[in-house]
Amino acid sequence: MKDIAQRCGVSVATVSKALNGHQDIGDATRERVLAVAKELGYTANSAARALKTNRTYNIGVLFSDLSNSGFMHEYFASTLNSFRMEAERCGYDLTFISSNVGPRNASFLQHALYRGVDGVAVICADFHDPMVQELIFSDLPVVSLDHAFNNRTAVLSDNMNGLESLVRYVYSKGHRRIAYIHGNRTAVTESRLTGFYRACEALNLKIPKEYVGECIYHEPISCYEATKKILALPERPSCILFSDDYSYIGGINAIQEAGLRIPEDISAAGYDGIHMAKMVSPRLTTWRQNSEELGRIAAEQLIERIEHPRTTPPRHIVVQGRLLEGETVRQMD
């Protein structure tokens, strides 16, 4: 930068402003500085910038995959991609946080501090894990996705409203015997269950306990088993709501194995709104989570906390989804 300043006959501070896009210098000066920088092969040094600004412009991402679906699952892939795009737009790189630093075991917080990240986004994790809670309640700026902590920023999908809206939609089609196979118990599951029961209560629907089953999220085999149990009831439901669109594949197999057709003999609806829901036949009715907006807002909020810690209070932001009306819920006579 000193070489550039000498060549251009300006101060090092002016060179810094030109290279960092500041607007308080003239266009001609900026263009001259950029041209000389290119000619001299100047490249910014992140280590030097970190020493000067006390920031690494690096964000940690904790993605501890509970379902073993990895980045192949469309919901998480879309959320992470949106998060990455917003972070990169703001000049930040990403580092994935794990419990290993080379051959050594380390807590999530130790790994984050070792990598020198400016903040951490907890995208997917067991939020009851002591290592996760240590990270959440550390001095690092943190944002969590789909789980809220006191005095910490969280970005939440409106799971309660999503299930309530699905129940009301199915009810509007004339269904009164509505079953729900939910995922394994998490804060997300509890919100969805609340929405399910709240809608049923408001609509005066009596739901037998046998109509509420449990499977593992994004796991068709466990959903297949849960669906078989519900179909074996003396009075089976007219519609089943499934934990997520991917698990619905297991539900389809159980329904077809029982000699039933969708939606002629039994109706179904999913959750997430992934691309697969549009590709199966009949096209799946589902609730689409706005994964792109969830990721973008999570990055935006975390960067705000990093760059303006004294003026950015912790917030809980709820992102709305929407119904995708497919062909799997029949209008009852």
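Preceding this section is the structure that the text describes.
Residues numbered from 1 in each chain as written. Predicted model: local features only at pLDDT ≥ 70, side-chain atom pairs only at ≥ 80, totals over all residues. Heavy atoms only, no water.

(A) The sheet that holds strand β12 (residues 286-288), seen in detail. With respect to topology, 6 strands assemble into an open sheet ordered β9-β8-β10-β11-β12-β14, the strand pairing being mixed. Looking along the sheet, the strands with just one partner apiece sit at the ends: β9 (212-214) and β14 (322-324). Taking each pair of neighbouring strands and ignoring which way they run, the sheet shows an average axis angle of 20 degrees. Direction of pairing for strand β8 (residues 178-182) relative to strand β10 (residues 239-242): parallel, over a ladder of 4 bridges. What sits directly across from Ile178, in β10, is Cys239. (Pairing = 2+ DSSP bridges. Helix = DSSP H or I, 4+ residues; strand = E, 2+ residues; numbered from the N terminus. Axes fitted to C-alpha atoms, helices over the stretch in contact; angles between N-to-C directions.)

(B) Structural context of the sheet that holds strand β5 (residues 119-124). One open sheet holds the 6 strands; their spatial order is β2-β1-β5-β6-β7-β13, and the pairing between them is parallel. The sheet terminates laterally at β2 (93-97) and β13 (316-319), the two strands that pair on one side only. Here the average twist between neighbouring strands, direction ignored, is 20 degrees. Across 3 bridges, the pairing between strand β6 (residues 142-145) and strand β7 (residues 153-157) is parallel. Within the sheet, the bridge partner assigned to Leu145 lies in β7 and is Val155. On top of the sheet, helix α6 (residues 108-115) reaches β1 (58-63), β2 and β5; it is set at about 150 degrees to β2, its chief contact. (Contact = heavy atoms within 4.5 Å.)

(C) Geometry of the packing of aromatic side chains. This model, assessed by the stated rule, comprises 8 aromatic pairs. Ring centres 5.3 Å apart and planes at 70 degrees place the aromatic pair Phe196 and Tyr197 in the edge-to-face group. Residue classification places Phe196 among the buried positions, given a relative accessible area of 0%. Residue classification places Tyr197 among the partly exposed residues on the basis of a relative accessible area of 40%. Pairing Phe242 with Tyr248 gives two aromatic rings, centres 5.4 Å apart and planes at 65 degrees, and the pair type is edge-to-face. One exposure class covers both Phe242 and Tyr248, and it is buried. Here Arg176 stacks its cationic end above the ring of Tyr171, 3.6 Å away from the centre of that ring. Above the face of the Tyr271 ring, Arg192 is positioned so that its terminal group lies 3.9 Å from the ring centre. (Phe/Tyr/Trp six-rings, centres within 6.5 Å; stacked < 30°, edge-to-face > 60°. Buried < 20%, exposed > 50% of the residue type's maximum accessible area, 1.4 Å probe, protein only. Lys NZ or Arg CZ within 6 Å of the ring centre and 35° of its normal.)

(D) Seen up close, helix α2 (residues 12-19). Residues of α2 that are buried: Thr14, Val15 and Ala18. In a view along the axis of α2, the buried residues occupy a sector of 100 degrees, so they form one face of it. (Arc of directions from axis to C-beta.)

(E) Spotlight on α6. Among all positions of α6, only Phe108, Leu109, His111 and Ala112 are buried. Down the axis of α6, the sector holding all buried residues measures 160 degrees, keeping them to one side. Exposed residues pointing more than 90 degrees away from the buried face of α6 are listed as Leu113 and Tyr114. Once α6 ends, the next one or two residues include Gly116, with phi positive near 70 degrees.

(F) View of the packing of helix α8 (residues 159-172) against helix α9 (residues 187-202). Two elements in contact, α8 and α9, have axes separated by 7 Å at closest approach and are oriented at 35 degrees. Considering only the axes of α8 and α9, their crossing is right-handed. Between α8, through Asn159, Met160, Leu163, Glu164, Val167 and Arg168, and α9, the contact on the second element is made entirely by Val188, Ser191, Arg192, Thr194, Gly195, Phe196, Arg198, Ala199, Cys200 and Ala202. (Left-handed = near helix turned anticlockwise from the far one by under 90°.)

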